[in-house]
Amino acid sequence: MLRLYTHPACLQHDPGEGHPESPSRLRAVLRALDHDRYAGLDRIEAPRATREQLLRVHAAEHVERILAIAPADGTVRLDEDTLMSPGSAEAALRAAGAVVAAVDMAMAGGGRAFCAVRPPGHHATPDRAMGFCLFNNVAVAAAHAIAEHGLKRVAIVDFDVHHGNGTQDIFERDSRVMYVSSHQSPLYPQTGRADERGVGNIVNAPLAAGEGSEEFRGLWEGALLPKLFAFKPQLVLVSAGFDAHRADPLAQLQLGTEDYTWITGRLLDLARAHAADRLVSTLEGGYDLQALAASVGAHVAELMD
Ligand SMILES: [Zn+2]
């Protein structure tokens, strides 16, 4: 059984004309999942994250600032590429709340979930919105799993083409969380060197522009998955960004949809081996609408298997 968490509010966050992180991304994803092949999905409306949940990973000033920004119309700019519109705070609450609710369901024996939400989260640091991200959705969920469910080992797996600097920032001194990322380097946000290791719980694997399926699978099979299996996570969280696809306009890796099927299958092996099949995946990047829809479709189909 695969649960799909989403909320119409996630379509109301609008960073403005021409911005790559547009509502049409989520519309394309939901359209792709509105197909007979996905009829078995259990569709659930995401609740809002609570302040208490957000404050486990974010500074109070950051949470209050995001919740207080409610432009009457148009947008407010938080940094060079991160903007908020009238619907943004509500979207951010639903995005983080989706992943938290999915964790609760997984811990109650519900198995796997995919959260079709935006804004994405993995660049948001404890005290700063950046890189299209307001709250760090996956980090809020990991902290929730530890605080509410008493987990001792949570894995966050990030195959978005960008390094999740925010997630690393939040957990680099917390050995209960292992953060494992493959990403293009050099590329925004310029973090994620292999020698950034936290307290031994951070594993960064940079790929060069132009590299593709062979290098990606080689890295995961040879270096990243063995570290994850050795960690024996009780819960697998996935920062599922699809911007390493060859069609993506923001980066230059050369993955195809079959690579997303492959990595999803390997992460399911990990979840089955150690985490009682508990895997919660949440949407991060992916900016070519067709490639995004096809890649999410492949990811979700594999999760349903
Ligand atoms: Zn990305």
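Let me begin by describing the structure that accompanies this report.

**Comments concerning the overall build of the protein chain**
The helix and strand tally for the protein chain stands at 9 helices and 10 strands. Structurally, the protein chain occupies a C-alpha span of about 50 × 40 × 40 Å along its principal axes. Counting every position in the protein chain, which comprises 305 residues, the buried fraction comes to 60%. Taking the intrachain contacts of the protein chain between residues at least 6 apart in sequence as the baseline, contacts between residues at least 24 apart amount to 75%. When the accessible surface of the protein chain is split by element, carbon and sulfur atoms take 48% of a total near 11,300 Å². Taking the 28 positively charged and 39 negatively charged side chains of the protein chain as two groups, their mean positions are separated by 5 Å.

**Structural notes on the coordination of the zinc ion**
Around the zinc ion, the protein contributes the donor atoms Asp-160 (OD), Asp-160 (OD), His-162 (ND1) and Asp-243 (OD), which lie 2.0 to 2.8 Å from the metal centre. Seen from the zinc ion, its 4 donor atoms lie at angles of 52 to 153°, and the figure they make is irregular. Along the chain, the residues donating to the zinc ion fall in the pattern D-x1-H-x80-D. One end of the pair, Asp-160, is in the loop between strand S6 (154-158) and helix H6 (165-171); the other, Asp-243, is in the loop between strand S9 (235-240) and helix H8 (257-274), and 83 residues separate them in sequence.

**Overview of the side chain of Ser-181**
Position of Ser-181 among the secondary structure elements: in strand S7 (residues 177-184). In terms of polar contacts, Ser-181 uses its side chain to reach the side chain of His-183, at 2.8 Å.

**As for the packing of aromatic side chains**
In this structure the tally under the stated criterion is 6 aromatic pairs. Plain terms: the ring middles of Phe-216 and Trp-220 are 6.2 Å apart, the flat faces sit at 55° to each other, and that makes the pair tilted. Here the residue Phe-216 and the residue Trp-220 both occupy positions in helix H7 (residues 213-231), the gap between them amounting to 4 residues, near one helical turn. By the burial criterion, Phe-216 is buried, and Trp-220 matches it. Seen from their ring centres, Phe-242 and Tyr-260 are 4.9 Å apart, and the 70° between their planes marks the pair as edge-to-face.

**Thoughts on H8**
Look at H8: 26 Å from first C-alpha to last across 18 residues, which is about the 26 Å you get at 1.5 Å a residue. The inward-facing, buried residues of H8 abut strand S5 (112-115), S6, H7, S9, strand S10 (279-283) and helix H9 (289-304). Following H8 by one or two positions, Ala-276 adopts a phi angle in the positive range, close to 50°.

**Remarks on the layout of surface pockets**
In this structure, the largest pocket spans a volume of roughly 160 Å³. What lines the largest pocket is a set of 15 residues, among which His-123, Phe-132, His-162, Tyr-188 and Leu-250 lie closest to the centre. Across the lining of the largest pocket, the residue classes tally to 7 nonpolar, 5 polar and 3 charged.

**Quick word on the environment of Ala-208**
You can see Ala-208 is positioned in the loop between strand S8 (202-207) and H7. Along the chain, Ala-208 and Ala-101 lie 107 residues apart, while their C-alpha atoms are 36 Å from each other. Sequence-distant contacts of Ala-208, defined by excluding residues within four places in its chain, comprise Gln-184, Ser-185 and Leu-253.

**Thoughts on empty space enclosed by the protein**
Across all of its chains, the model carries 1 cavity of 30 Å³ or more by this definition. Size it by volume and the largest cavity reaches roughly 40 Å³. Forming the walls of the largest cavity are His-13, Pro-15, His-19, Glu-21, Asp-81, Thr-82, Leu-83, Phe-132 and Leu-134. Considering only residue class, the lining of the largest cavity consists of 4 nonpolar, 3 polar and 2 charged.

**Quick look at the pattern of salt bridges**
Where side chains of opposite charge bring their charged atoms close, a pairing between them can arise. For the coordinates displayed, the defined rule picks out 18 salt bridges. Close ionic contact of Arg-48 with Glu-90 constitutes a salt bridge, the shortest N to O distance being 3.0 Å. Taken together, the residues span a long stretch of sequence, with Arg-48 in the loop between strand S2 (42-45) and helix H2 (51-55) and Glu-90 in helix H4 (residues 88-110) at a distance of 42 residues. Taking relative accessible area as the criterion, Arg-48 reaches 47% and is therefore assigned partly exposed. On the accessibility criterion, Glu-90 (26% relative accessible area) is partly exposed.

**Observations regarding unusual backbone geometry**
For the bond from Arg-118 to Pro-119, the omega torsion is 5°, close enough to zero to count as cis. Structurally, the position occupied by Pro-119 is in the loop between S5 and helix H5 (137-149). Note that the residue after Ser-185, namely Pro-186, is joined by a cis bond; omega there is 0°. Relative to the elements of secondary structure, Pro-186 occurs in the loop between S7 and S8. In this structure, Phe-132 takes a positive phi of about 75° despite not being glycine. One can find Phe-132 in the loop between S5 and H5. The backbone phi angle of Asp-277 is positive, close to 70°, even though this residue is not glycine. With respect to the secondary-structure elements, Asp-277 resides in the loop between H8 and S10.

So, how was this worked out
- Residues numbered from 1 in each chain as written.
- Predicted model: local features only at pLDDT ≥ 70, side-chain atom pairs only at ≥ 80, totals over all residues.
- Heavy atoms only, no water.
- Helix = DSSP H or I, 4+ residues; strand = E, 2+ residues; numbered from the N terminus.
- Buried < 20%, exposed > 50% of the residue type's maximum accessible area, 1.4 Å probe, protein only.
- Contact = heavy atoms within 4.5 Å.
- Areas by Shrake-Rupley, 256 points an atom, 1.4 Å probe, with all protein chains shown as cover.
- Lys, Arg positive; Asp, Glu negative; His and termini not counted.
- Charge placed at Lys NZ, Arg CZ, Asp CG, Glu CD.
- Donors = N, O, S within 2.8 Å, 3.2 Å for Na, K, Ca; no water.
- Tetrahedral: all angles 85-135°; square planar, octahedral: opposite > 155°, others 65-115°.
- Polar contact = N/O pair within 3.5 Å; in protein donor to acceptor, adjacent residues only side chain to side chain.
- Phe/Tyr/Trp six-rings, centres within 6.5 Å; stacked < 30°, edge-to-face > 60°.
- Expected span 1.5 Å × (residues − 1).
- 1 Å grid on protein atoms, 1.4 Å probe; cavity = no way out; pocket = protein on both sides within 12 Å on 5 of 7 lines; lining within 4 Å.
- Points joined across faces, edges and corners; volume = space filled by probe spheres on them.
- Nonpolar A, V, L, I, M, F, W, Y, C, P; charged D, E, K, R; others polar.
- Salt bridge = Lys/Arg side-chain N within 4 Å of Asp/Glu carboxyl O.

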